[in-house]
Amino acid sequence: MLFNSLSFIVFLIIVLALYYSKLFNWTGKKRMLLFASYVFYGLWNPPLVILLWISTGVDWITGKKLATEENQRKRKLWLLLSMCVNLGFLGFFKYRDFLLDNFTTVVNTYGYGYQSQPMDIILPMGISFYTFQTMSYTIDMYLKRTERAKTFLDFALYVTFFPQLVAGPIVRAGDLITQFYEEKKATVNQFIWGLFLLTLGLFQKVVMADTLLSDTVDKVYSADKVLNFWDAWMGTLAFSGQIFFDFAGYSTCAIGIALMLGIILPDNFKYPYASLGFSDLWKRWHITLSSWLRDYLYIPLGGNRHGIVRMYSALMLTMLLGGLWHGAAWTFIVWGGLHGTYLILERLQRHYIPFKITAWNGMFLAFTTFTCVNITWVFFRAKEFKTAWNMIGSMFYLNPEGAKILGSFDILKVGIIIGLLFICHWFMRNTSVEAVSKKTHPWALGAVWAAMFFLIAIAQGSGEQFIYFQF
Amino acid sequence: MQLKQTLIIAFALSVISITAWELFWRSQGLYPTLDDNEALWAMQRSRVETATSNDMLLMGSSRVLFDIQLNEWEAQTGIRPIQLASVGSSPLPIFHDVVNNTKFNGTILVGVTPGLFFSTTSPKAQPWQWPQTKVDYYKKRTYAQISNHLLSLPLQKNLAFLSDDQGVDGIKLKELLGKINVGNRVIDSMPPFHEFGEIAQDRNNVMKQITVTDTAYANSIIKVWQFFMKKAASGPPPDKISTMAFFLKDLKTFKARGGNTILVRSPSSGSLRFGENMGVPRVKFWDDLVKQSNLKAYHFEDYDQLKDLKCPEESHLSAKDARYFTTELVKIMKADGAFSNLKTN
C-alpha cells in the first residue's frame, strides 16, 4: 500500500480509530498494529508476507538463543544462520538475475555459449529495508549491544511496523522495541504535528517529486540520443530533486504516521544538499542506512583502527556494497564507488590541505559537494552505462551539438525548484522544520499547511510508487 | 506551538480553497467525469474470467469505444457486451491476452481501424504498447490498486476538479503547468488536442456534444488526426504480414475452442477516410484480412443504412449516430447469423 493512495487514507483512519478506541488493552493494540502491518504489506502481494514471517521467526529464535548461549562457536553459528536466511532472501530475490547475467557474461567470454534463463522473480517491496533492520537486531544481540525483545509480539511488530516497513527509516531494536513495552499514546500536539508531517511528506512526494520533476527526468533519461549541455544538467538536477523529495517525503510521512500513534522514529534526512563535504553528506542523507553501514560493515571491516590503507579499503568496500544495496546493477556499484572515492579524497584533503570552513567558503563547499553529488546521480538514474556516459559527456560540454529536448519553461522550472531547494537546505542545515514552525505564527503555518494540502489535491497524484520501494 | 489553532486554520483554508477551485471549474463548464485509465479497463477485463459462451467482448481502437453503444447492443441482443476497446490501439495484444490467458469461448467483436490493426507487432510502438500496458496492469494489479480505484470512483463521479483529462483540457497541476509556454527552444508541432469523449463505469463511451455543435472544436481534433497521418506517412509502412500472422495464429486457437469472432470496420469520413484509403486501401488490407480469417465481417461501406454516416471529427460517430450505428449493425449481424454462440438467439 502506498501512503499517497486513497486506500491508505481509509486504512490509517481505521487503524487510528481502533488504536485510540477502548476496545483493546495495550497488548491488543499491538496485535492490531501487527495485523494492520501485514494487511498494509499483503495488499500489495499477499504471498510475500510469508517472507516477513520467516525473517521474523528466524531472527526471533536466533535472538532468543543468543541471549542465553555462552558458547562462542554456537553463538557464531546462530548468527550465521540469521545472516544466511536474510542475505539469502536478499540474494535470491534481488541479486539472482544480476549474478546470473554476470556469470553468463564471464563464462561466455571463454566461448562456452551458455544461455541463462532469467527467472523474472518479483522483488518483494522493501526487502532491503526489513532484512537490514532484522539483521541489526541479531548482530546487536550477538555483540551484546541490545537486550532481547521481551515478547514475540514486540519483536514481530518491530520487524513489521507499517509506517517504516517498506522504505525505512531503518530503526535499531533499542530505539523501537523498547517503545512497545509501555502503552503509547500521542499527545494532542504530537498527533497534530504527525498529521502536519504526513501532509509535508505527501506534498514532497506528490507535488514536488511526481508533479514538478519526474516528467523532466523521464524525458531526459529515456531520450535515446546524445543531449545538449542544458538538457543533461537539468535532467540530472531534476532527478536530484525528485529522489530527495521522493525519499525524504516517504521518511517524513513515516515519522508523522508513527508520531500519530505516539511512536518516535529517527530522522532520516537533514538537508543533505547543503552538506559541507561527503562525510557531512552521509550524516544527512539516508542517515539510518549510512549509520547501519558504518556500524555493521565499515567498523567490522576495520574502520580507522588498522592504518590508512585498510581504512580506505574498508571505506571503499562499504560504499561499493552500499551502492549494490540500492540496486542489482553495475551502475549502482559505480555510484557507490564514486561516493567512496569522494570520501577518500576528502580525507586526503583534510590531512594534507586542511582549511577552516567559514560562512563564505562554506557556501562554495556546499555548492561543490552538491555538484559532485549530481555527477553520481547520473549513474544512479541511468539504466545503462551508455546513457550515463552520454549524460556525463553532455554535462561536461563534450557534446555541444547535442539534442535539445526540454522546453524553456522546463529548464526554468527545474532551475527555480532546485535553486530554492539548495538555498532552503543551506538556511535549514542547522535547524529543523519543528524549530522553524515553533517560531512561525499559527496563521502563517496554517496557511502553509493548507497550501500544501490544496496543491496535493489539485496535483491528484496517480499513486506513483516511491522510488526507494524498489530497493 | 499553537498547533490546535494551526490545524483549525489549515482545515478551514483547505476547505475554502478546494471548494473555490471546484466552483471555479464548474463555472468554466466542467463537470465530473470518469478517467478511462488502466484500472477502469482492468475492471472490465476481470469480467472476462467469468464470462460464458453467451457473452460478447468488444475490442479495437477508439472507434469501437465511440461507435458501439452498450445500451443499444443490449437492447438488440439481450446481452450487455464487455467493452475492452482501447484508444489509439491495435486490438491484437488484447485479443492475444483473452485468447491465451482465459477460457473465454463466446463472441469477440474486433474493430478494424486499418491504420492501427495493421500497424505493427513491435512491443515498443505506441499502438501495441498502449493496450499491452493495460493487459500488464490487469495481470499485475494489486489489491491496493483495486481498492484505490473503487474508492476513487465516487470522488471522480462527484468532483469536477478531479478530471484526469490531458492536454488543453487538463486541469491537474501538471497539466496546467504544461500549458505554460516560454520561448521556442523546442517546438511541439502537435496541435492542441481536446478530449471529446465521456466514459461510464462500464466503459460505455459517448462523444461530447460540443464536438457536434462546435465546428472549431471538431476541426481542432481533425488537425490532430492530420498530424498523426503525416507522421505515419513518414514512418514505417504498415506491417501487414506480421500483424495478420499474429492475429490468424490467435484466431486459430480461439476458433478451436469454439470462440466466435466478428470483424467490423467502423465509419470514417472526410480527409481521414481519404488518407486511410490511400495508406491502407481496403482491397489490400481489409478484404485480404476477411478472406484469410474466414470470419463474418462488416464494413460500413457495404450497407446502405451505414455508408453515409458522417463523423463530426472524421473518425468517430456522434452519440446519436453511434446509437443508430449500433442498432443497425446488430440487426445486420443477427440477420446474417453472426452470433453463432448466442444460445438465446
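Small disclaimer: the values here were computed from a predicted structure and weren't measured.

1. Looking at the domain arrangement of chain B
The domain boundaries assigned to chain B delineate domain 1 (1–30) and domain 2 (52–140 + 191–335). The centre of domain 1 of chain B, based on its C-alpha atoms, is set 43 Å off from the matching centre of domain 2 of chain B.

2. Examining the nonpolar core
Grouped together as the largest cluster of nonpolar side chains are 140 residues, with contacts concentrated most on Tyr158 and Ile456 of chain A. Discounting residues that sit within four places of it in the chain, Tyr158 of chain A has contacts with Ala149, Ala173, Leu176, Ile177 and Phe180 of chain A. Grouped together as the second largest cluster of nonpolar side chains are 61 residues, Ala85, Val110, Leu116 and Met207 of chain B included.

3. What to know about the sheet that holds strand E1 (residues 56–59) of chain B
Residues and elements named next belong to chain B. Strand order in the open sheet formed by five strands is E2-E1-E3-E6-E7, and the pairing between neighbours is parallel. Both outer strands of the open sheet, strand E2 (82–83) and strand E7 (296–299), are each paired with one neighbouring strand and no more. Bridging between strand E6 (residues 260–265) and E7 involves four bridges; their strand directions are parallel. Note that in E7 the partner of Leu263 across the bridge is Ala297.

4. Description of the environment of Lys249 of chain B
All names here are of chain B. Mapped onto the secondary structure, Lys249 falls in helix H12 (residues 240–256). We classify Lys249 as exposed; it has 12 C-beta atoms within 10 Å. In this structure the C-alpha to C-alpha distance between Lys249 and His96, which are 153 residues apart in sequence, comes to 9.3 Å.

5. With respect to the interface of chain B and chain A
The partner chain A presents 39 residues to the 32 residues of chain B that form the contact. For the side of chain B that touches chain A, the secondary structure elements donating two or more residues are helix H1 (3–27), helix H8 (143–158) and helix H9 (173–178) of chain B. For the side of chain B that touches chain A, the class distribution of residues is 17 nonpolar, 11 polar and four charged.

6. Thoughts on the packing of helix H3 (residues 49–68) of chain A against helix H6 (residues 152–160) of chain A
Residues and elements named next belong to chain A. At their nearest, the axes of H3 and H6 sit 10 Å apart, and the two run at 130° to each other. By the angle between their axes, H3 is oblique relative to H6. Two packed elements cross with a definite hand, and for H3 against H6 that hand is right-handed. Residue-level inspection shows Leu52, Ser55, Thr56 and Trp60 of H3 in contact with H6, the latter providing Phe152, Phe155, Ala156, Val159 and Thr160.

7. Focus on the domain arrangement of chain A
All names here are of chain A. Segmenting chain A into domains produces domain 1 (6–103 + 120–170 + 177–185) and domain 2 (190–276 + 357–470). Tallying the contact residues gives 15 residues for domain 1 and 17 residues for domain 2. Counted by class, the side of domain 1 that touches domain 2 contains nine nonpolar, four polar and two charged residues.

8. Let's talk about the pairing of E6 of chain B
Residue and element names in this part refer to chain B. E6 sits mainly inside the fold: six of its six residues count as buried. Residues Asn260, Ile262 and Val264 of E6 are buried on one face, and the alternating residues Thr261, Leu263 and Arg265, pointing to the opposite face, are buried as well. Across five bridges, the pairing between strand E3 (residues 107–111) and E6 is parallel. Residue pairing across strands places Val110 opposite Leu263, the latter belonging to E6.

Reading the values: the criteria
Each chain has its residues counted from 1, running along the sequence as written. Lettering for chains starts from A, numbering for ligands starts from 1, and both go in the order in which the items are written. With the structure being a predicted model, the display of local features is reserved for residues of pLDDT at least 70 and the display and counting of side-chain atom pairs for 80 or more, all residues being used for whole-chain, interface and lining totals. Domains are outlined according to an automatic or database domain assignment. By definition, a nonpolar core groups buried Ala, Val, Leu, Ile, Met, Phe, Trp, Tyr and Cys residues that connect through C-beta atoms lying within 7 Å of each other. With C-beta atoms placed from the backbone, a residue counts as buried when 20 or more other C-beta atoms lie within 10 Å of its own, as exposed when 12 or fewer do, and as partly exposed for counts between those limits. By the criterion used throughout, residues are in contact when their C-beta atoms, derived from the backbone, lie within 7 Å. Here, any two strands with at least 2 DSSP bridges between them count as paired. Secondary structure follows DSSP: runs of H or I at least 4 residues long count as helices, runs of E at least 2 residues long count as strands, and numbering of each begins at the N terminus. Classification convention: Asp, Glu, Lys, Arg as charged; Ala, Val, Leu, Ile, Met, Phe, Trp, Tyr, Cys, Pro as nonpolar; all other residues, Gly among them, as polar. Orientation is described by axes fitted as lines to C-alpha atoms, over the contacting stretch for helices, and by angles from 0 to 180 degrees between their N-to-C directions. If an angle is under 35 degrees, it is roughly parallel; if it is over 145, roughly antiparallel; if it lies from 65 to 115, roughly perpendicular; otherwise it is oblique. Take the far helix as the reference: if the near one is turned anticlockwise from it by less than a right angle, the crossing is left-handed, and if turned clockwise, right-handed.

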